[in-house]
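Report on the structure
Chain by chain, the residues run as shown.
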Amino acid sequence: MKRIILILCLLLALSLLFGERASKIKTSLNLGLLNGASLGLELGSPEGKTREHYLNICGYLAQDIWFAGANYEIRNHNKKGNFYHLVAAGVDYGEVYVPLLSLAEPDSRDDIKRMFIPHLVVGIGYRFNIGKDSHMFIEWDMGVKPSLSNINLGITF
């Protein structure tokens, strides 16, 4: 657990290197093969309201596996601004426990595989207004990441 907290703190510090003040915060629950959560900071939108840029940190946790990572996400909205498609790219680091086939010590945690994997995602989404600059969203994404496909439920504020 200490590693997860350390990685998330380092990734959040990395977001400060972009030097822009975040105008929105995005948080979501990621439901898929591995469940997790993400936190994103909007980095400004030079294209106006039709495109949003986010730097996200995410984490996935299950009994024998955990991943944490960072990715850069771009959302392109339609003219009304409710439907959007997204692309994201980044990297995830994690540990996977691979059970030993030996019957001598079935609960041994000596065989842990550490790995970096790319985070390359495409998806679609829809957002609902819940306040002046706040939205609730539901999106579906798929790609190369710890959880191949997710349904994400979240809020931007």
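Residues numbered from 1 in each chain as written. Predicted model: local features only at pLDDT ≥ 70, side-chain atom pairs only at ≥ 80, totals over all residues. Heavy atoms only, no water.

Quick notes on the pattern of salt bridges
Tallying each qualifying case throughout the model produces nine salt bridges. The partner of Lys26 in a salt bridge is Glu73, and the shortest N-O contact between them spans 2.8 Å. Of this pair, Lys26 sits in strand S1 (residues 25-32) while Glu73 sits in strand S4 (residues 65-77); the two residues are 47 residues apart in sequence, bridging distant segments of the chain. Under the relative-accessibility criterion, Glu73 is labelled buried at 4%. Across the pair Arg75 and Glu139 runs a salt bridge whose closest N-O atoms are separated by 3.2 Å. You can see Arg75 sitting in strand S4 and its partner Glu139 sitting in strand S7 (residues 135-144), a full 64 residues away along the chain. By sharing partners, the salt bridges in this structure join Lys24, Lys26, Glu52, Glu73, Arg75, Arg127 and Glu139 into a single network. (Salt bridge = Lys/Arg side-chain N within 4 Å of Asp/Glu carboxyl O. Helix = DSSP H or I, 4+ residues; strand = E, 2+ residues; numbered from the N terminus. Buried < 20%, exposed > 50% of the residue type's maximum accessible area, 1.4 Å probe, protein only.)

With respect to the packing of aromatic side chains
The relative placement of two aromatic rings is captured by the distance of their centres and the angle of their planes. Scanning all chains against the criterion turns up four aromatic pairs. Consider the rings of Tyr93 and Phe116, whose centres lie 5.0 Å apart with planes at 50 degrees: the pair is tilted. Remark: Phe116 occurs in strand S6 (residues 112-129) and Tyr93 occurs in strand S5 (residues 83-97); sequence separation between them is 23 residues. Given the relative accessible area of 18%, Tyr93 is considered buried. Centroid distance Tyr126 to Phe128: 4.8 Å. Interplanar angle 75 degrees. Geometry classified as edge-to-face. We classify Phe128 as partly exposed; its relative accessible area is 40%. Ring-pair connections join several aromatic residues into one group, and the members of that group are Trp66, Tyr93 and Phe116. For the cation-ring pair, Lys26 lies above Tyr54, with the distance from its terminal atom to the ring centre recorded as 5.3 Å. A cation sits over an aromatic face here: Arg75 above Phe137, 4.4 Å from the ring centre. (Phe/Tyr/Trp six-rings, centres within 6.5 Å; stacked < 30°, edge-to-face > 60°. Lys NZ or Arg CZ within 6 Å of the ring centre and 35° of its normal.)

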